[in-house]
Amino acid sequence: MKMNKLLVVVFLSFLNLAFSQDKEREVLRGRIVSDSLTIENITVLNLSTKIGAVSDFDGGFSINARANDTLIFQGLAYVSQKYIVTESDFLIDEFKIKLDVKVTELDEVIVTPNSLTGILETDTKKIKVYGLDMSKIDVSKLQPEDIRNSKPFHPDANSNLSSLRGIDFIAIFKMFTSQKKKEEKRLKRLEQYEKEKWRTKVLEKSFYEHLMQRYSHNFFVSNLKIKNEDIVSFVAFAEPSYDELSRLLKKENELNLVEYLINKAKEFNRNKSLKKHTNTDYEEKK
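What this report covers is the structure whose coordinates are included nearby.

Calculation rules
What you see as residue numbers is a count from 1 along each chain, following the sequence as written. In keeping with the model being predicted, local features are shown solely for residues with a pLDDT of at least 70 and side-chain atom pairs are shown and tallied solely at 80 or more, while totals for entire chains, interfaces and linings include all residues. As a rule here, side-chain values cover all heavy atoms of the structure and leave hydrogens and water aside. Counting from the N terminus, the helices are the DSSP runs of H or I reaching at least four residues and the strands are the DSSP runs of E reaching at least two. The buried label applies to any residue whose accessible area, calculated with a 1.4 Å probe on protein chains only, is under 20% of its type's maximum; exposed applies above 50%, and partly exposed to all values in between. In this description, contact between two residues means that some pair of their heavy atoms is separated by no more than 4.5 Å. Directions are taken from the helix axis to each C-beta atom, and the arc is the one they span. Using a grid of 1 Å spacing that covers the protein atoms alone, one calls a set of points a cavity when a 1.4 Å probe fits there but cannot get out, and a pocket when the set is open and has protein on both sides within 12 Å along at least five of seven lines; lining residues are those with an atom within 4 Å of a point. Grid points are joined across faces, edges and corners, and a volume is the space filled by probe spheres set on the points. Under the convention adopted here, Pro, Cys and the residues Ala, Val, Leu, Ile, Met, Phe, Trp and Tyr are nonpolar, Asp, Glu, Lys and Arg are charged, and Gly plus all remaining residues are polar. A side-chain nitrogen of Lys or Arg and a carboxyl oxygen of Asp or Glu constitute a salt bridge if their distance falls within 4 Å. When DSSP finds two or more bridges between two strands, those strands count as paired. Here a pair means two rings of Phe, Tyr or Trp (six-membered ring of Trp) with centres within 6.5 Å. Their orientation is stacked below 30 degrees between planes, edge-to-face above 60, and tilted elsewhere. Placement of a positive charge over a ring is assigned whenever Lys NZ or Arg CZ falls within 6 Å of the ring centre and within 35 degrees of the normal to the ring plane.

### Focus: the overall build of the chain
Thinking step 1. The secondary structure content of the chain amounts to 10 helices and 7 strands.
Thinking step 2. For the chain, buried positions account for 20% of its 286 residues.
Thinking step 3. The long-range fraction of contacts in the chain, counting pairs at least 24 apart against all pairs at least 6 apart in sequence, stands at 54%.

Printed below as a string of structure tokens:
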């Protein structure tokens, strides 16, 4: 009797398995969840069909499967996990599975009797020091002769400074020299540009226009003693060369310009007076 019952159970299981094998696969939508890290790009492989899928940024995925299919979930930072699909997984909107993060264990640290104790005085005694033991030298007892007779310091004796031999100081010097020349060129070009700019400003107006822009007619009449009708003639008489004009028109040379105009005005009036006197003598002789 028991044997008959066992045969019935086996037969029903076989029918159920056969039914499952014949059933078409459908899309299983799921989501991978985790306590930490990103759940993007997790591989979901159906071992029954050898077809896989990859999770998106939120851990979502979809894969063709049916009941009794075996899914395997794999990720670099996670422990791989197998899961056998059931019929109930298709009855919910979103099948969820949780993955555990891999825990990376550090190598075992062996503490020996020679390890540091945390006490500075004790630990410093364990440190090996190579070279001259300064603790045994009483500097106060050193005589000037001892210092004079000591060997001169050489960079090769110090491992920290010996690496300086590989530095190309000539190249560094050339680099700084080149940079200095570039700066000098830049300043020279800037100076030339300012000169050209000032030259254009000076030449865009006549000497008369420059003076009229700075001084009033009263300045010529009262200060320079030039008659109103002689102002144009005086300006033509007093007009300097370009180099002199360029220098005098600068703001810092304002007093020099006034002094120049005063001297020219005296010369102009003197010449005019002399000419008038000469003309008078000529008229009297006639």
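### Quick notes on helix 8 (residues 231–238)
Thinking step 1. Restricting attention to buried positions, one finds in helix 8 the residues Ile 231, Phe 234, Val 235 and Ala 238. In an axial view of helix 8, the angular spread of the buried residues amounts to 100°, which keeps them on one side of the axis. Facing away from the buried surface of helix 8 by more than 90 degrees, the exposed residues are Val 232 and Ala 236.

### What about the layout of surface pockets?
Thinking step 1. When its volume is computed, the largest pocket comes out at roughly 270 Å³.
Thinking step 2. Lining the largest pocket are Trp 198, Lys 201, Val 202, Glu 204, Lys 205, His 210, Gln 213, Arg 214, Leu 249, Lys 250, Lys 251 and Glu 252.
Thinking step 3. Going through the elements one at a time, helix 5 (169–203) and helix 6 (207–214) are the ones with two or more residues in the lining of the largest pocket.
Thinking step 4. Grouping the amino acids of the lining of the largest pocket by side-chain chemistry returns 3 nonpolar, 2 polar and 7 charged.
Thinking step 5. A volume near 160 Å³ is recorded for the second largest pocket.
Thinking step 6. Counting residues per element, the ones that place at least two in the lining of the second largest pocket are helix 5 and helix 9 (242–248).

### Considering the pattern of salt bridges
Thinking step 1. Applying the stated criterion to the full structure yields 9 salt bridges.
Thinking step 2. The shortest N-O distance in the salt bridge between Glu 254 and Arg 214 comes to 2.7 Å. Taken together, the residues Glu 254 in helix 10 (residues 254–285) and Arg 214 in helix 6 connect sequence positions 40 residues apart.
Thinking step 3. Residue class for Arg 214 comes out partly exposed when judged on its relative accessible area of 33%.

### What to know about the environment of Asp 100
Thinking step 1. Note on placement: Asp 100 falls in the loop between strand 7 (95–98) and helix 2 (120–126).
Thinking step 2. Along the primary structure Asp 100 and Tyr 78 are separated by 22 residues, whereas in three dimensions their C-alpha atoms are 5.7 Å apart.
Thinking step 3. With residues up to four places along the chain from it excluded, the contact list for Asp 100 reads Ala 77, Tyr 78 and Val 79.

### Here we look at the pairing of strand 3 (residues 51–54)
Thinking step 1. Where strand 2 (residues 43–46) and strand 3 come together, 4 bridges link them in antiparallel fashion. Within strand 3, the position partnered with Leu 45 by the bridge is Gly 52.
Thinking step 2. Counted along the chain from strand 2 to the antiparallel partner strand 3, the turn is 4 residues long, and its residue Lys 50 has a positive phi close to 60°.

### Observations regarding the packing of aromatic side chains
For any two aromatic rings, the description comes down to two numbers: the centre-to-centre distance and the angle of the planes.
Thinking step 1. Going through the model one piece at a time under the given rule, you end up with 7 aromatic pairs.
Thinking step 2. Between the aromatic rings of Tyr 83 and Phe 95, the centroid separation amounts to 5.0 Å while the plane-to-plane angle is 35°, which identifies the pairing as tilted. Of the two residues, Tyr 83 is situated in strand 6 (residues 81–84) and Phe 95 in strand 7; the sequence distance between them amounts to 12 residues.
Thinking step 3. On the accessibility criterion, Tyr 83 (23% relative accessible area) is partly exposed.
Thinking step 4. Pairing Phe 237 with Phe 268 gives two aromatic rings, centres 5.7 Å apart and planes at 55°, and the pair type is tilted. In this pair, Phe 237 is assigned in helix 8 and Phe 268 in helix 10, connecting sequence segments 31 residues apart.
Thinking step 5. A residue is classified by how much of its surface remains accessible, and Phe 268, at 12% relative accessible area, is buried.
Thinking step 6. A cation over a ring is seen here: Arg 199 above Tyr 242, with NZ or CZ 4.8 Å from the ring centre.
Thinking step 7. Geometry around Phe 237 places Lys 264 over its ring, the cationic atom sitting 5.5 Å from the centre.

Geometry only, nothing functional implied.
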